[in-house]
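Here's the letter readout for the chains.
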Amino acid sequence: MQGSANLNLMIKAARKAGRSLVKDFREVENLQVSMKGAGDFVSRADIAAEAIIREELMGARPNYGWAAEESDAEEGKDPTRRWIVDPLDGTTNFLHGLPHWAVSIGLEFKGEVVAGVVFDAAKDEMFVAEKGAGAWMNETRLRVSNRSRMIESIFATGLPFGGSANLPASLRDLGRLLPVCAGVRRWGAAALDMAYVAAGRLDGFWERGLHSWDVAAGVVIVREAGGLIEPLTPGGDLLEDGALICGNERIFDQFAGVIRSDR
Ligand code: IPD
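Thresholds applied
- Residues numbered from 1 in each chain as written.
- Predicted model: local features only at pLDDT ≥ 70, side-chain atom pairs only at ≥ 80, totals over all residues.
- Heavy atoms only, no water.
- Domains from an automatic or database assignment.
- Contact = heavy atoms within 4.5 Å.
- Buried area = accessible area lost by both parts, 1.4 Å probe.
- Salt bridge = Lys/Arg side-chain N within 4 Å of Asp/Glu carboxyl O.
- Helix = DSSP H or I, 4+ residues; strand = E, 2+ residues; numbered from the N terminus.
- Expected span 1.5 Å × (residues − 1).
- Bend = angle between axes of the 7 residues up to and from the residue.
- Buried < 20%, exposed > 50% of the residue type's maximum accessible area, 1.4 Å probe, protein only.
- Near = heavy atom within 4 Å.
- Polar contact = N/O pair within 3.5 Å; in protein donor to acceptor, adjacent residues only side chain to side chain.
- Areas by Shrake-Rupley, 256 points an atom, 1.4 Å probe, with all protein chains shown as cover.

## Things to note about the domain arrangement of the protein chain
Then comes step 1: Each assigned domain of the protein chain is listed here: domain 1 (5–141) and domain 2 (150–259).
Then comes step 2: Taking only C-alpha atoms, the centre of domain 1 and the centre of domain 2 are 21 Å apart.
Then comes step 3: Residue-level contacts link 35 residues of domain 1 with 22 residues of domain 2.
Then comes step 4: Buried surface at the junction of domain 1 and domain 2, both sides included, amounts to about 2100 Å², of which 64% is carbon and sulfur.
Then comes step 5: Across the salt bridge formed by glutamate 125 and arginine 201, the nearest N and O atoms sit 2.9 Å from each other.

Shown next, in the form of structure tokens:
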């Protein structure tokens, strides 16, 4: 794919942060037997990855705004553009030595995400998309799945933990969805769930309680692969509501119908 200068910058930043995280991940794998200190080690890895991304992106585009998981948001001199960054999506997987986590970088222009990069550094899978230019994984063009029957479709979600207020609604979702589909996965990295919908590996994804940095890059990747993505509550704000639903265009209405029928 021939990306814009901004997309190439995002890819470069994601690769650099990904390299640093892979190095730290090997260390975390060794720390599994003595859990002491693994949590602090991982938050240092996360913060270091964000610093790498920030230096690359803000160094090249100092006027853009900044929103990221590990630091305070900043309004840019250019109020129309903003980087939205999760340096390590899937932190819990990373902490447990599970190789399923990613760097996620979105670029917003006038309230719309126009470019996105989700880099699964452990598997060397670079998912990228730019508005109007399609979605890609490494050299392969992405297209959402073609499934139209719920009973043949698999979906992913994130299940709340640690006493989240969203737990009852998420459990009710599963109660309605599981009997009518081919399965539900809980992988633990929302950015990758969305990239997998774009790649046709999953037929749909929904989650409550997300942050803008978890989903920004995924939004444009899903759309550019031909998928549909909406706030869980129709008419809401896709990035700020924290609850969204996406899927291939043939399954979307049936899937959204099941998820939105919660009372
Ligand atoms: C988390 C992951 C997880 C999702 C959580 C997110 P983080 O992001 O995306 O899959 O279920 O809601 O917070 O904290 O690892 O960046």
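## As for helix H6 (residues 212–224)
Then comes step 1: For H6, spanning 13 residues, the distance from its first C-alpha to its last is 18 Å, which sits close to the expected 18 Å at 1.5 Å a residue.
Then comes step 2: Along H6, the helix axis deviates most sharply at glycine 218, where the bend reaches about 25°.
Then comes step 3: Among the 13 residues in H6, 12 count as buried, and that is most of the element.
Then comes step 4: Considered for burial, the residues of H6 that qualify are Ser212, Trp213, Asp214, Val215, Ala216, Ala217, Gly218, Val219, Val220, Ile221, Val222 and Glu224.
Then comes step 5: One or two steps after H6, the chain reaches glycine 226, where phi turns positive at roughly 95°.

## As for the pattern of salt bridges
Then comes step 1: By the definition in use, this model includes 18 salt bridges.
Then comes step 2: Connected via shared salt-bridge partners are Arg172, Asp173, Arg176, Arg208 and Asp262.

## Details of the site of the ligand
Then comes step 1: Residues in contact with the ligand amount to 14 residues; listed here are only the nearest, Asp86, Asp89, Gly90, Thr91 and Glu207.
Then comes step 2: At 2.8 Å, a backbone N or O of threonine 91 approaches an oxygen atom of the ligand.
Then comes step 3: About the coverage of the ligand: the protein hides 84% of its 370 Å² of free accessible area.
Then comes step 4: Sorting elements by how many residues they give to the shell around the ligand places strand S3 (residues 81–89) first, with 3 residues.

## Things to note about the environment of valine 258
Then comes step 1: Mapping valine 258 onto the fold places it in helix H7 (residues 252–259).
Then comes step 2: Taking the C-alpha atoms as reference points, valine 258 and arginine 176, 82 residues apart in sequence, are found 6.7 Å from one another.
Then comes step 3: Sequence-distant contacts of valine 258, defined by excluding residues within four places in its chain, comprise Met150, Arg176, Leu177 and Val180.

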